[in-house]
Amino acid sequence: MNLDNFNYLINTLVELVEEYNLDDSFDHWNTIHEACSSSCYSFAYGNAWSLVDFIRFSDRELFDQAEREVKENDHNTDDVGLNDLMLSYAFQILKISTLKKWEENQSATIKSA
């Protein structure tokens, strides 16, 4: 994993979110959650480790935010193996980054309109 790969991954997830037919029953939040859940970085151990390791050293603020999300929202972290914990971290990293990028795109669209 490197910065170019990470940015490409997030841009791809954002494009996937923008292609969904959003309505009142399935909004951008649900779409981001689904897109990030289906990424191989949130269900394949090797990919998750690679992503988490990269972010831990390149964007400590994002890593810390993901760590807080895992602690606040995943109440079953006591009996979870390290591999599964990395999957949770990777999912949170993807979710936070995709949401941030999607919101930036929406702001840019509104400003240009």
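Please refer to the structure higher up on the page.
The structure displayed is predicted, hence computed values, not measured ones. Each chain carries its own residue numbering, running from 1 in the direction its sequence is written. Per-residue local features of the predicted model are confined to residues with pLDDT of at least 70, and side-chain atom pairs are confined, for both listing and counting, to 80 or more; whole-chain, interface and lining totals are unaffected and use all residues. Values shown for side chains rest on all heavy atoms present in the structure; no hydrogens or waters enter the calculation.

So, the overall build of the protein chain
Inference 1: Helix and strand labels come from DSSP, where a helix needs a run of H or I of at least four residues and a strand needs a run of E of at least two; each type is numbered from the N terminus. The helix and strand tally for the protein chain stands at 5 helices and 0 strands.
Inference 2: In the protein chain, the succession of α and β elements from N to C terminus is α-α-α-α-α.
Inference 3: It is over C-alpha atoms that the radius of gyration is taken, and the globule rule equals 2.2 Å times the number of residues to the power 0.38. The C-alpha radius of gyration of the protein chain comes to 14 Å, within 12% of the 13 Å expected for a compact globule of 113 residues.
Inference 4: For the C-alpha atoms alone, the extent of the protein chain along its principal axes is close to 50 × 30 × 20 Å.

Let's talk about the pattern of salt bridges
Inference 1: Salt bridge, as used here: a side-chain nitrogen of Lys or Arg that lies within 4 Å of a carboxyl oxygen of Asp or Glu. On inspection of all chains with the given rule, the structure shows 3 salt bridges.
Inference 2: A salt bridge links Arg56 to Asp53; the nearest nitrogen and oxygen atoms lie 3.1 Å apart. With Arg56 and Asp53 both in helix H3 (residues 45-58) and 3 residues apart, this pair spans about one turn of that helix.

Things to note about the packing of H3 against helix H4 (residues 60-73)
Inference 1: Two elements in contact, H3 and H4, have axes whose closest approach is 5 Å; the angle formed by their N-to-C orientations is 125 degrees. The angle between H3 and H4 falls in the class oblique. Contact with H3, carried on its side by Val52, Ile55, Arg56 and Ser58, involves Arg60, Leu62 and Phe63 of H4 and no other residues of that element.
Inference 2: Classification used: nonpolar for Ala, Val, Leu, Ile, Met, Phe, Trp, Tyr, Cys and Pro, charged for Asp, Glu, Lys and Arg, polar for all others including Gly. When its residues are assigned to classes, the contact of H3 with H4 shows 4 nonpolar, 1 polar and 2 charged. Lines fitted to C-alpha atoms define the axes, with helix axes restricted to the stretch in contact, and inter-axis angles between N-to-C directions lie between 0 and 180 degrees. Every angle not falling under 35 degrees, over 145, or within 65 to 115 is termed oblique; those three ranges are roughly parallel, roughly antiparallel and roughly perpendicular. Throughout, a contact is declared for two residues whenever any of their heavy atoms are within 4.5 Å.

Topic: H4
Inference 1: The span expected for a helix works out to 1.5 Å for each residue beyond the first. Here H4 is 14 residues long and its end C-alpha atoms lie 20 Å apart, about the 20 Å a rise of 1.5 Å per residue gives.
Inference 2: Here the term buried applies to any residue with accessible area under 20% of the maximum for its type, exposed to any over 50%, and partly exposed to those in between, with areas from a 1.4 Å probe on protein chains only. Of the positions making up H4, those classed as buried are Leu62, Phe63, Ala66 and Val70. In a view along the axis of H4, the buried residues occupy a sector of 100 degrees, so they form one face of it. Seen from the open side of H4, the exposed residues pointing more than 90 degrees away from its buried face are Glu61 and Lys71.
Inference 3: Buried-residue contacts for H4 involve helix H1 (3-19), H3 and helix H5 (82-112). To be clear, the arc concerns the directions from the helix axis to the C-beta atoms.

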